[in-house]
Amino acid sequence: MKAPELLLPAGTLDKMRAAYDFGADAVYAGQPRYSLRARNNEFKLEQIGQGIIEAHQRGKKFFVASNILPHNAKVKTYLADMEPVIAMKPDALIMADPGLIMMVREKWPEQVIHLSVQANTVNYAGVKFWKSMGLERVILSREMSLDEVEEIRQLCPDMELEVFVHGALCIAYSGRCLLSGYFNHRDPNQGTCTNACRWDYKMNDTVEDDAGDVKPQVIQFDFNKAMEEANQSFAACGGAERHPAADKTYLIAEQSRPDELMPILEDEHGTYIMNSKDLRAVQHIDRLTKIGVDSLKIEGRTKSLYYVARTAQVYRQAIDDAVAGRPFNPALLADLDGLANRGYTDGFYQRHYTHEAQNYLDGHSKAKQSQFVGEVISIKEGWAKIEVKNRFAVGDQLEIIHPSGNRIITLSAMRDKSGNPCTVAAGNGVKISIPMEEGFEKSLISRLFTEAEMAA
C-alpha cells in the first residue's frame, strides 16, 4: 500500500523541526493576518521563508495556511501581501474562500492550492467541482464517516484527499463558529478564536422581576436529583409536553470570570454550549491507508513541543505498521493518553459500534500512562540538563522520547542547578540534571504513572 503523507502543525520553527525529527512528511503554518491562527503564531515572513528552506533541505514539504474567510479590507490587501510568500515557493497554499482562490489562480496559476476544511466539503460533487477549478487537494470535513470518505475516494480517483486524524474538534461545522465573536468580540473566522466552547461553565438559575428583567439567582444544583425530577415530570405529562424548565432563561458563568453572567437558552434540540472531546483516530489509520487517503492531518498549531513530537511519533508508527501489513498496536492509544486532552473520541468516522467491532478504546493497556515532565537542553559528561515542566523525583520511571527510539529508565540520581545532589524536581521553571548517555540531546521526557497513581 502507498503510505499516506503525515502532516503536522507548526506553530513555531522549533515545533516544525520536532515534527520532521519524529516522522512528519510535511507541516503547515500560517501567516497571522490570513490564517485562522492570528494569536500565538510565530510565522511572520522571515519565519515562513526559513521554514520553507529547512523543509526543502530535508526533502520535506511546507504548506502555508491562508484559509481565512476575509472581509473586504483583507481582500484588498491580500495579493500584495501574498506576493513575497509565493516567491518563497511554498509547496501549497491551504485556502477556503472562493474569491481569494480565484484571485490566486489568476495571478499565480502555477501555485498549488489545497482546499481547507473551512470550505466544508462533504460530498464527491464538491470534490469534483474544486478539481475543475484547478485545485490539487481537498481537505474533507471532519463530519464524514469512513464509508463516505471511501466513496469519495472511489468516485474522485484523480484528486488528492486529506483528512484530520487527531486534535481539537469544534462544536461548529468544520470550525465555522460564532461563540467567541458573540462572547468576546473576537471573530473565530478571522483567526482570533478564544475557544469559548471549551471554557469551564457553571449554570445559574434566574428570576424575573416586576419589570420583566431576568436576574441571577444563586442555586445549589444536584445533577442526579435534577435528572430524576425531570424524568418524573416527563412521565407525568405522558412525554408529550415540554417541561416548564425548558422554556426558562439561564445564565452561565465561566470559571475565571464568575461575576460575568451570560444568557443561555435551551429548546427541544438541547443547549448551545458544549465542549467536544478531542479527535483521536489512530485506530483507523489502517482503514484510511487502505482507502487511499493521501494525507493524514494532525491539528494543533498552538499545542506544545511535546504534543507535536508525541503525535508525530505515534502516527508515524501507525502508518508504517499499516503499510507493512502489521496489526494495529493498541499501546499507541496509551501513548496518546499522556497528552493533555479533554477525553478522546473518533468523531464521526464510526458512529455506531457493534459487538463485533474490536474494542480498542476500553481494551488497550493502561500500563503506560504518563505525563510530560521535561526537555533535555544539553548533555555533558554523562549528565543531561533538564528544563522541568512537571514534578518528578528520584526513583520515578521516565520515558526518554527521541527520534531514534524511546527508552524507559528508572531515575537513580539528580542534581540541582548548583550541582548539588537532590531528590525532587519541583515543577515548571526549574532546571536540574540527571544521568544520561550521549546521543539523546533534545529528547523529551515523560514520567510513567505508578499502579497506585492510576488506581487513584
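- Where an unreviewed UniProt entry is consulted, the protein appears under the name tRNA 5-hydroxyuridine modification protein YegQ, with the organism given as Iodobacter arcticus.

1. Quick word on the pairing of strand 24 (residues 444-448)
Move 1: With five of five residues buried, strand 24 lies mostly within the body of the structure.
Move 2: Alternating positions in strand 24 separate into two faces, L444, S446 and L448 on one and I445 and R447 on the other, with burial throughout.
Move 3: With five bridges connecting them, strand 17 (residues 370-380) and strand 24 associate as antiparallel partners. Paired with E375 across the strands is L444, a residue of strand 24.
Move 4: Taken together, the four bridges between strand 20 (residues 397-401) and strand 24 define a ladder with antiparallel strand orientation. If you follow L398 over to strand 24, its bridge partner there is R447.

2. Points about the packing of helix 3 (residues 72-87) against helix 4 (residues 98-107)
Move 1: Remark: helix 3 packs on helix 4, axes separated minimally by 11 Å, with the N-to-C direction vectors making an angle of 40°. When the interaxial angle is binned, helix 3 and helix 4 end up oblique. Crossing geometry of helix 3 relative to helix 4 is assigned as right-handed. Within the contact between the two elements, helix 3 uses V75, Y78, L79 and E83 and helix 4 uses L100, M103, V104 and K107.

Conventions we followed
- Residues numbered from 1 in each chain as written.
- Predicted model: local features only at pLDDT ≥ 70, side-chain atom pairs only at ≥ 80, totals over all residues.
- Heavy atoms only, no water.
- Buried < 20%, exposed > 50% of the residue type's maximum accessible area, 1.4 Å probe, protein only.
- Helix = DSSP H or I, 4+ residues; strand = E, 2+ residues; numbered from the N terminus.
- Pairing = 2+ DSSP bridges.
- Axes fitted to C-alpha atoms, helices over the stretch in contact; angles between N-to-C directions.
- Parallel < 35°, antiparallel > 145°, perpendicular 65-115°, else oblique.
- Left-handed = near helix turned anticlockwise from the far one by under 90°.
- Contact = heavy atoms within 4.5 Å.

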